[in-house]
Structure formats: structure tokens, C-alpha cells
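Coordinates in review
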Amino acid sequence: MSDKIANWTASDDAMVENAIRRGASRRELLQMMFMGGVAATTGATILGRATAAVAAEPVKGGFIKAAGFSASTADTLDPAKASNATDYVRCSAFYNRLTFINGAGETTMELAESIESSDAKVWIVKLRKGVTFHDGKSLTSADVVFSLNRHLDPAVGSKVNALAKQIAQVKAVDDQTAEITLQAPNADLPTILALHHFMIVADGTTDFSKGNGTGPFVLKEFQPGVRSIAARNENYWKERKANLEGFEFFAIGDETARMNALLSGDIQLAANLNPRSLRVLENNPAANLFISKLGSYTNLNVRLDMAPGDKQGVAEGFKYLINRDVIKKSVLRGLAEIANDHPIPDWNKYHNAELKQREFDPERAKSLFAKAGILGQEIRITAAEAANSSLDYAVVVQQAASKIGLKVAINRVPSDGYWSNHWIKDAVHFGNINARPTPDILFSLLYKSDAAWNETGYKSEKFDSMLLEARGLLDEAKRKQIYGEMQAMISNGAGTVIPVFMSNVDAISPKLKGLTPNPLGGMMGYTFAEHAWLEA
Amino acid sequence: MNSLILRLAAKRLVIAFLTLLFVAFTIFFATEMLPGDVAEVLLGQAATPEAVAGLRTAMNLDQPAFLRFIYWLGELFTGDFGVSYVNKLPIADLIGGRLANSLKLAGVTAVISVPIALALGITAAIKRGTLYDRIVSIFTISVISVPEFMVATIAVIVFAVYLGWLPALSMANEVTSIGGLLKAFAMPVITLSFVVSAQMIRMSRAAVLETLNTPYVEMALLKGASRRRMVLRHALPNALGPIVNAVALSLSYLLGGVIIVETIFNYPGIAKLMLDAVSTRDLPLIQSCAMIFCLAYLLLITIADLVAIISNPRLQ
Amino acid sequence: MTMTLSLPKPQKTRLPRFGYRFPLVGVISFLIIVAWILVAIFAPFIAPHPVGDIVDFDFFGPMTAEFPLGTDYLGRDMLSRILLGARYTVGISLAAVCLACLCGITLGMTAAVIGGWFDTVLSRTLDALTSIPSKILALVIVAAVGSSIPILIVTLAIIYTPGCYRIARALAVNINTMDYVTVARARGEGLGYLIRSEILPGIIGPVLADFGLRFVFIVLLLSSMSFLGLGVQPPFADWGALVKENIGGLSFAAPAVIFPSIAIASLTISVNLLIDNLPQKIRDRSES
């Protein structure tokens, strides 16, 4: 085994650019690159390029084409139903939400002027004045009431129905003020409202094909599964209107084709590239990489209530058997951060840094499996393309298992129908979880005893009560301590093996400027259109 | 002879109708066997039992699937394709533009590939055993041995990325000029021609050779008739049946089977639409697409069968 | 009526007949096929590395002494993966194409000889079968009966039988009208005899050409089926799947994408050239 890693310069570019945006000095940057093994002369070149990319002033005008990775007849402009990057990009262009999460992970106000509460249970939302929908109607509290209540109606098919259930009542206090009453206190409400699905639509909307929102672009054309065209909203309420005159968004399902379309100049943004494509993209003058650390992950789930996971130590064994380094280096080409079997990445302010990182330890796994009496048995792991890279993860686990005498059979199933037929249901299977901005959302969705997505059947009354306690706390230090403890409980007790957090790789034309990473997702939290500008 | 053809065509029409009906039922049952329904698929990871139940009610999917299917079939007879479960758009609207795109692509490919393929196949048969024949054979097989997605990707890398002569994507919606049309269609058409030509070349060569082996032709050849003349006058008409069948089978691929080309060149055609429909379990859309594919296929093979019968007087 | 003409340059004759001689191209093709079959059988013993083992942290690695055909997208040894892949590509494709052609040709000839309602019903049923998209078919099969290699073979055969039937029937219908068939029928020969001794020899050439083509199609379709979860399970992969999973390396001509393509081409071209160059005896009606 040689230990050369072939992708350092590629991620460097993006890393350095981001460091400059954070305000790092030239000296710090060069030192950073030196640590990464970059020679001083090369470092200076990279630095020059990256600084130029950040420093230039935005230019107005220009039209771009951007391609996501999936589109189908199910494409929608209804934010409640939005289900993938393609929908999020479109909705972010046409609508706004009450709050937003900025690049640094802080919650900022968007359509709301303020969201305040004294007890974390009753929240007063004051709306910004002078905001109009594309059809000319002014934004009022009725729109907020309508937009939020929709998620509670099962007939809407909202993707965040589970989260929205904690809303007991939304009512209009006056034209510009709404009052949200929760079932129980939740200090995170302003952050929750920044999720894509909680975008504000006009009161009474039933036909969402017009994209009538308050957002930076207006809809020109929308064909589900084919494409959409947007034009700049000249009446946008923000002082800085969009730079681009407009953009076209569609999807190219084939990853190589998406990258080639960017390299040939047909499109200016190619979303969600495979880290493997770095080999082609690095040092290619026709493309810049745009890397976002998000906290999304693909995880191996060992159900604690089915054989073989019901035996003591089996799930823990898999946590020692999974080779996180190999997954990071070989499967994800370095574009990942090692995780510790819980869903909170280290850039989250609630991350528990004291929890010891679990290492690859096949001997320990072997003794755990031997104690559980499953060595020599065949374990079937269900994987599908639907869960990103899960087939490659499965091969990594399989190889490690074969060396300690555990037989692992990979059961590849169709992506089609994976989430309803295999995810959560199979004894040992893969899941794929998108990043969520708060620990509370992740824990309530995934680990609460009665959570709809409790992937491994983890049940702990202590965990549930800690979750409720932390949710209502406005005391940050106390919260951090409780969340830290909960991360340890998940890492040690649940059956979810979370090896790494995957970074998102988009590639953009060198002429496309103004993008900064955002924790809400790739392509600048899907809002690139509002901020990007095209170099003349 | 004309009345015979007419009678045959009429009979085929009736049978085609029955076939379509049969296909509709088969596809209905097949789709019902697929795990998950449209509500579950739309909700994806958010598909909790109560959410699924609520959405089903809202989408009017409470009725038994079979009743909905029969109702859809009834509407079909009035020319109404129904409404997509997924986005509530009329299926005629969803299919319309994309079918036209697919037909355009299929038409251009057919017009280019059929004459070239037949010419190559027949001349290879005339010059059997020569270097020319060998080259045609090896070329044909090599061309289809390379997976379609690889041909398309190589074409993109060479002509779009490195040379920059052609666009990497084939935006049928934006074509305004003849030059634009040529540019947009060049790579998809070449890729598809590679795929569909092989069968036509190989079958026309083999079928012509086989007729050359009949005692009658052999006798004529031994008597000194020219090989070219024998092929064109005697072998070809006799071999026409299998050849047109091979052409029909190859062309039937051009509507539903071009999914790879549609994906790589981002060409908005009907094959991708059908795949979407299958993955979202959008029954009316699956059915409508399947009906179109089936109809196109039946049309092609009926023409093939008629040509076969006309070309062989003994079959009449 | 074989004429064993011993001509010095057979390719320039107007009516080349090689008699019992086996042309050189045919011999080479045959040897390549045999070589791949041997590889398929003995693959586990000759593969230098375990097929799923990540042996190199580099990816799309170049050809080196340690990894003669480079490494794949995960850093696995390509030579081992191709050798093991031969089992699936050669084995499954041959089995499926034989099954499809056996069913298709037998049914096609039977339909042509019997004709009438039997012909109509069979033809239309198979037409209808063709109209079911293969993706739905594959998904239904996975959902209903699960996934295994025999199921994969049968599925592939089902998908390709109607096409085979159509070609065989079209050929057989023409032969069926020939005088010698009418004579045989008048003699009171049975269906089996007519098919075997009168029809089959007359259509064998094009049918074999069709067999060769279908083999190529099946080799290529195989990988799509794996991606739907039907058949070959990781870490193993057939050659088509190897091309597909390494397609990202095409931009810089990685060995990982070139060599499986060459493997596919060598096999499919050999099969077709062998068919083209079979000894005349096998193809000649009057010798059978």
C-alpha cells in the first residue's frame, strides 16, 4: 500500500479561498499550505488565484445555466413538497423564508424583522415592511399563517410534517405580526424556520406552478423534469438585488456528462460532483471547485431489535470494523471529515470534543463478534445507489470483515423504492441523512424512542427526557452540556455507524463569482443565484 | 393483391387494438406488483404511515387501483390520456413536446442509418470474403461492443470538451437555425446510429448470403450470371422479409430505448419521461408512455410483415 | 453439395467454399473464446489480489508491475476484477443468449410451419411482451422473486426471446414456401422433422448472425441489470459494470475503463467472427 493521496491541491484552492474570506493573513495561509505539503512557490500561485477570486467587485448582468443532478416529473415549486437540490434551488430563487442561516452558521433575519420569545413557547414574528410578492400583493402575517399551517395538513404531503407538528397554533396579531405557539418550548424555532420547506408562500395559493413568492427571481418557464428559467426580480425587497439577469436550471443525471458540460462551457455550474472527478477538475482552467462542508452522511444501520444486532456488542463491533480512514481517502478522496458515530460534526457549536474518537480496531471488533457468537455466520448488508456511496462503504466493511472471519454478503437492491422498502426496515442496511442545522432536529427525527426515522430502533427514556429538557432551554452552556452527553449516548448506544461526514463538491466556471459555502447545502445553501455574478 | 393487403392490414388493426389492451392490463398488474405507491415515493424518507394515508386521500388514491385503471382506460377511448398523479398536469401536455422531440431524433437517425446500414450489409454480402467484407464485419461488431454510454461520453469529451466544435448538451428547445439543428443533433444521432445500425448490417448481409445459398441461385451463378446482378435481382427480394424485420426491430429501439442518449445529452425525450413515471409509480403516465411505445412498435412490425408478404409472392 | 475447391487465395473467389477447412480468423476467434472460458473457470486461482480489496490509496492508477492493468476508482486491482468479471460476463451472457435463441428459434420455426391461429396468437403475445419496458420487468422480477444469477439469466432470456423469435419466424416463413418443404410436408413428415431437417438448415446462417448480435446486446445489458439490483452483487462485477463504474476515468484514458472495454470487445468480436467463419459444413443445408 502506498500512501500517496492524489487530491490535495484540488481541495486546497477552495480551502484557501474560504480562509481568505474568513480574513486569514497571507502569512497564515502560506503556513497552512506548507503544512499541507505545498511548496512555497506553488503556494504563492494558488494564493494569487484565490485572492483574485475573492477580491473582485460584483458585476451586474449575465445569464447562466446551472445543472443539478436529478429532475423528474415530480419537480415542484411548492416549498413544502420540495425534495432535492433541484427543488431547493428553484424555491430559493422564487421565495424567501422568515430566517436564514449564514455562512458562519448563525441564524439571521430574512422576511422576519425579529422573532422573539420569553419562554421559547410563544413566539412573536414581526415581519419586514414593504415586501411584495411577484404578483404585486404585499406580504402580511396571513401569508405566514397560511404557509406554516400547510405543513400540518396531511393532504399537502409536506416533507417537514414531523417537525411542524410541534406548532400548536399560528395566528395573525396584526397585519405585520404573527404569533406562533408551540406544543412545548423550543429555543431553536428561529433556526428551524430557516429550513427550505418553511419558505413563505402567498395566502391561499393552491397552484404552485407560478412560483409566486417574494424571492430574488421571477419565474419565466417551468417544465417539471425538463427545465426552469428565471429572470431577476426588479422589485426585490433587498437593497442588493440579484446580479444575474436570469438563470436556467435543469438536471443532468449522468455525473460525467454534467462535468463535461461544464468543461465545454455549456453550463456555468455543475452541482454534486463525485470526489473522484477531482482528477480531471484539478488544474483544469475551465473549472473551479466549490466545496461545502455540510454534515450530511451515509451511515450503516444495525437494527438493535433484529438479528444479528439484537445481540450485545454487534453494533459496537461494526463501529470498530468500519475503516474510517479508507472511506475518507479511497471512497471520498479526502473530501470528508471523520465522524464519531453521532450526527453532530465538529464545526457545530454543540459538538462534543471530549468524546474519544473511535478508531479502526478489527481485533476488538472480532472479540465483540465472537462474544456475540456471530463469527462464521453470514451477515447480509442492504445497500443501494440511493444511499450515496453506500455500495463502496459496504465493500470496505466486507473486506475488513473477511479478515476477521466474519462473512458479509452485500445485498444490492434497486434505488427505486429503497426508502420505503429497505431503509429502517432491513436488519443491517445503509441510510443517508442530510445535514440539519440543530442537534434538536437531528435527535428528534432520528433517535427519540418514537421518532419516525429511528433507524436502528434505539430506545432510551433518559435520552428522550434530556431531549425535551434541552429543547426548551435558553441557557446555551447548559444546552451544550446536555447535547454533548446525548452525542456520547448515541455514539455508544445506538446502532448507527456514522463513519464520516461527506463534503459537497460543486464545480463552477471560473467566471462565476460570489459563491461562499453555506451550511444549508451545496451551491451556497442552494441560494447561489441570488448572490452569484458573472465576470464580464 | 391490393385487396389482400387491405384485408391483412384491417385484420392487423383489430389485433393491434387487442394487443394494446393486453399490454395495458399487463403493465397495470406489473406496476401494482412494484413495491410502494405514488404517495410513498413522493414523500420519500418522510413517508410516515399517517403522512402517506393523508396524501393518498388528498390525491384521490383511495379508490381501488383497478377501478382507477378501468376508469382511465375508459377515458382513453375518448382521447383523454388523463392527469399525472404526481404533478396534476394533463398527460397530453407532459408527453406532447417530448414525444415530438423523440420522434425528431428517431426520424433523423432512421433516415441516416437505415440506407447506410443496408448499403453496407448488402455490399458486404456481394463481396463476401473480401477484405471489404471483413472490415465491415469487424467495424460493425466493434461499434456495438462499446457500451452506448461510452460512445456518447467519448464523443462529448472529444468534440465538446477538447475540440469545442459541438455543444455537450443537445438543447432541442433552443434550436433556431439549420446549423444549430445539425450541431445539436450531431452527437446524439451518431451515437444512436452506431447502436441501431449493427443489427441491420449484420442481418441484411446474413439474409442475402443465405438466399445466395439456395440451389436456384447457385445454379444461375454456376451458369455464369454476375454475382451483383443475382444479389440485386433474386437474392435481395427473397431476403427482404428478414431484413425489414431487422430494420423494424432496430428502429423500435429509437423511441423507448434511447434513455442513455437522453440522459447524457440532456435531450428532453419520452424515454426519460417513462423512467420518471416508473420511479414515481405514476400509473396514468406509465400507461400512456407504454401505449405510445407499443403503438410505434406495432406500426413498425406491421409494416415489416406487410413488406415481407408483398416481397414474397408465394406468401400471398 | 459441398465443393471442396482448393484455391490458393480463397478470398478472391466469387463463391468461396472452404469445405472442411477452418479459416485462420475463425481459429483465432475460437482460441480467444476458449481462453476467456478458461479464465472464467480458473479466475480465483490466477487473480493476483482479492477482488474487493483496496490495495492502493491512489485511484485510477496507472499500469505498474504490481497492478498490471492499473487500479479502479477505489484503488482495487483491475486485473483481478477483470479476471473475476469474466465469470459473469462469459457465463451469464452465454447461458442467456443460448436460452433466448433456443426458445426464440424453436417457437419461430414452429409458428412458421404451423401458421394460422397458432402463429397469430404466439406472434402477438410476444409482441406485447416486447412492449413492456425492460426496467419495469426487471424491477417486478426483483420484487416478486428476488435476485440471483439464475433469475438474471432467465430475465435476460425473456427480454431477448421475442426479437429472436421475430427474426427466426421471418426467415422460416420464406423457407416454408419453398418447394422442397412442400414436398416434405406432402410426404407426411412430422413437425419435428420439418423444423430440424428442412427449415433449420435453410435459416441457420442469419440465425447464427442474430445469435452473435444478441450475445453482444446481452453482454451490455447485463450491467444495467446489476445496477437495478438484479444479479451480480458487489464486490464482484461483470465487465459492463466495470466500464460503468470507472467511466469517470475516461477523460484521462485510465486503464480502469479501457481494459474492461477491450475485454468486452475481444469476446464479442471473437464470437461474431467465429460465427462468420464457421466451417462451411456446419452452415450448409445439404450436408446436414
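Residues numbered from 1 in each chain as written. Chains lettered and ligands numbered in written order. Predicted model: local features only at pLDDT ≥ 70, side-chain atom pairs only at ≥ 80, totals over all residues. Heavy atoms only, no water.

Per an unreviewed UniProt entry, chain C goes by DNA-directed RNA polymerase subunit alpha and derives from Microvirga vignae. According to UniProt, the comment filed for chain C under the heading Subcellular location (unreviewed entry) is "Cell membrane". UniProt annotates chain C under Sequence similarities (unreviewed entry) with the comment "Belongs to the binding-protein-dependent transport system permease family." (UniProt positions renumbered as here; feature names shortened; annotations may be inferred.)

For chain A, an unreviewed UniProt entry supplies the name ABC transporter substrate-binding protein and the organism Microvirga vignae. Quoted verbatim from the Subcellular location (unreviewed entry) field of UniProt, the annotation for chain A is "Periplasm". Here is the UniProt Sequence similarities (unreviewed entry) comment for chain A, exactly as written: "Belongs to the bacterial solute-binding protein 5 family."

Looking at the overall build of chain C
Along the backbone of chain C there are 10 helices and 0 strands. Counted from the first residue to the last, chain C has its helices and strands arranged as α-α-α-α-α-α-α-α-α-α. Counted over contacts in chain C with a minimum sequence separation of 6, partners at least 24 positions apart contribute 72%. Carbon and sulfur atoms form 71% of the exposed surface of chain C, whose accessible area is close to 10500 Å². (Helix = DSSP H or I, 4+ residues; strand = E, 2+ residues; numbered from the N terminus. Contact = heavy atoms within 4.5 Å. Areas by Shrake-Rupley, 256 points an atom, 1.4 Å probe, with all protein chains shown as cover.)

Here's the deal with the overall build of chain A
Check the secondary structure of chain A and you find 19 helices and 20 strands. For chain A, buried positions account for 62% of its 536 residues. Long-range contacts, defined as pairs at least 24 residues apart, comprise 69% of the intrachain contacts of chain A with a sequence gap of at least 6. Total accessible area on chain A stands at roughly 19700 Å², and carbon and sulfur atoms take up 51% of it. (Buried < 20%, exposed > 50% of the residue type's maximum accessible area, 1.4 Å probe, protein only.)

A word on the pairing of strand E12 (residues 288-302) of chain A
All names here are of chain A. Within E12, 13 of the 15 residues are buried, leaving the element largely enclosed by the surrounding structure. Of the pairings in the sheet, the one linking E12 to strand E18 (residues 500-508) comprises 7 bridges and is antiparallel in character. By the bridge assignment for E18, Ser296 is matched with Met502. As paired elements, E12 and strand E16 (residues 428-433) share 6 bridges and run antiparallel to each other. Residue Tyr297 lies in a different strand from E16, and its bridge partner there is Ile433. Where E12 lies against strand E17 (residues 496-497), 2 bridges are found, and the strand directions are antiparallel. Along E17, the bridge assignment pairs Asn301 with Thr496. (Pairing = 2+ DSSP bridges.)

A few points about the UniProt feature "transmembrane region" (unreviewed entry) in chain C
Residue and element names in this part refer to chain C. The UniProt record annotates "transmembrane region" (unreviewed entry) at residues 21-47, 88-116, 136-160, 211-232 and 252-275. The distance from the first to the last C-alpha atom of residues 88-116 is 41 Å, and the span holds 97% helix and 0% strand. Taken as a whole, residues 252-275 contains 88% helix and 0% strand, while its terminal C-alpha atoms sit 35 Å from one another.

A word on the interface of chain B and chain C
With 60 residues of chain B at the contact, the number on the chain C side is 62 residues. Counting each side, the surface lost to burial between chain B and chain C is near 5500 Å², with a carbon and sulfur contribution of 68%. Here chain B and chain C share 3 salt bridges between them. A salt bridge links Arg166(C) to Asp305(B); the shortest N-O distance between them is 3.3 Å. Across the chain B-chain C interface, the total number found is 6 residue pairs in polar contact (both at pLDDT 80 or more). For the side of chain B that touches chain C, the secondary-structure elements that each account for two or more residues are helix H1 (2-33), helix H6 (131-145), helix H7 (148-162), helix H8 (178-212), helix H9 (215-222), helix H10 (227-256), helix H12 (270-280) and helix H13 (283-311) of chain B. Broken down by element, the residue count for the side of chain B that touches chain C peaks at 9 residues, all from H1(B). A per-class count over the side of chain B that touches chain C returns 35 nonpolar, 15 polar and 10 charged. (Buried area = accessible area lost by both parts, 1.4 Å probe. Salt bridge = Lys/Arg side-chain N within 4 Å of Asp/Glu carboxyl O. Polar contact = N/O pair within 3.5 Å; in protein donor to acceptor, adjacent residues only side chain to side chain. Nonpolar A, V, L, I, M, F, W, Y, C, P; charged D, E, K, R; others polar.)

Description of the UniProt feature "domain: Solute-binding protein family" (unreviewed entry) in chain A
Feature annotation in UniProt places "domain: Solute-binding protein family" (unreviewed entry) on residues 109-450 of chain A, given in this structure's numbering. Here residues 109-450 of chain A runs as 25% helix and 24% strand, with 33 Å between its end C-alpha atoms.

Quick look at the sheet that holds strand E4 (residues 112-116) of chain A
Residue and element names in this part refer to chain A. Taking strand neighbours across the sheet as the criterion, the 4 strands line up as E4-E5-E7-E6 in an open arrangement whose pairing is antiparallel. Each edge of the sheet is formed by a strand with only one pairing partner; in this case those strands are E4 and strand E6 (167-174). Neighbour-to-neighbour, the strand axes of this sheet turn through a mean angle of 20 degrees, independent of strand direction. Relative to strand E5 (residues 122-127), E4 runs antiparallel, the two being bridged by 4 bridges. (Axes fitted to C-alpha atoms, helices over the stretch in contact; angles between N-to-C directions.)

Quick look at the environment of Val113(C)
All names here are of chain C. Among the secondary structure elements, Val113 is positioned in helix H2 (residues 78-114). With a relative accessible area of 8%, Val113 lands in the buried category. C-alpha separation for the pair Val113 and Arg169, spaced 56 residues apart in sequence, amounts to 9.1 Å. Once residues within four sequence positions are removed from consideration, Val113 is found in contact with Asn176, Arg185, Leu191, Leu194, Ile195 and Ile199.

A look at the interface of chain C and chain A
Interface size is commonly expressed as the accessible surface area that is lost when the partners come together. Each partner contributes to the interface: chain C provides 29 residues, whereas chain A provides 30 residues. Carbon and sulfur atoms supply 57% of the area buried between chain C and chain A, which totals about 2700 Å² over both sides. On the chain C side of the contact with chain A, Phe57(C), Phe59(C) and Pro234(C) bury the most area, a combined 28% of that side's loss. At the boundary of chain C with chain A, the tally comes to 2 salt bridges. For the salt bridge of Lys403(A) with Asp53(C), the shortest nitrogen-to-oxygen distance reads 2.9 Å. Linking chain C with chain A are 7 residue pairs in polar contact (both at pLDDT 80 or more), by the criterion used here. Looking at the side of chain C that touches chain A, the elements that each hand over two or more residues are helix H4 (134-145) and helix H7 (191-227) of chain C. Take the side of chain C that touches chain A: its biggest share by element is 3 residues, from H4(C). For the side of chain C that touches chain A, the class distribution of residues is 16 nonpolar, 7 polar and 6 charged.

Describing the packing of aromatic side chains
Evaluation of the coordinates by the stated rule reveals 32 aromatic pairs over all chains. Aromatic pair Tyr458(A) and Phe463(A): ring centres 5.6 Å apart, planes at 85 degrees, arrangement edge-to-face. Phe463(A) carries the same exposure label as Tyr458(A), and that label is buried. Measuring from ring centre to ring centre gives 5.2 Å for Phe28(B) and Phe29(B), while their planes differ by 70 degrees; the resulting arrangement is edge-to-face. (Phe/Tyr/Trp six-rings, centres within 6.5 Å; stacked < 30°, edge-to-face > 60°.)

Looking at the side chain of Ser250(B)
All names here are of chain B. Within the element layout of this structure, Ser250 appears in helix H10. At 3.2 Å, the side chain of Ser250 forms a polar contact with the side chain of Gln199. Setting aside residues up to four positions removed in sequence, Ser250 forms contacts with Val196, Gln199 and Met200.

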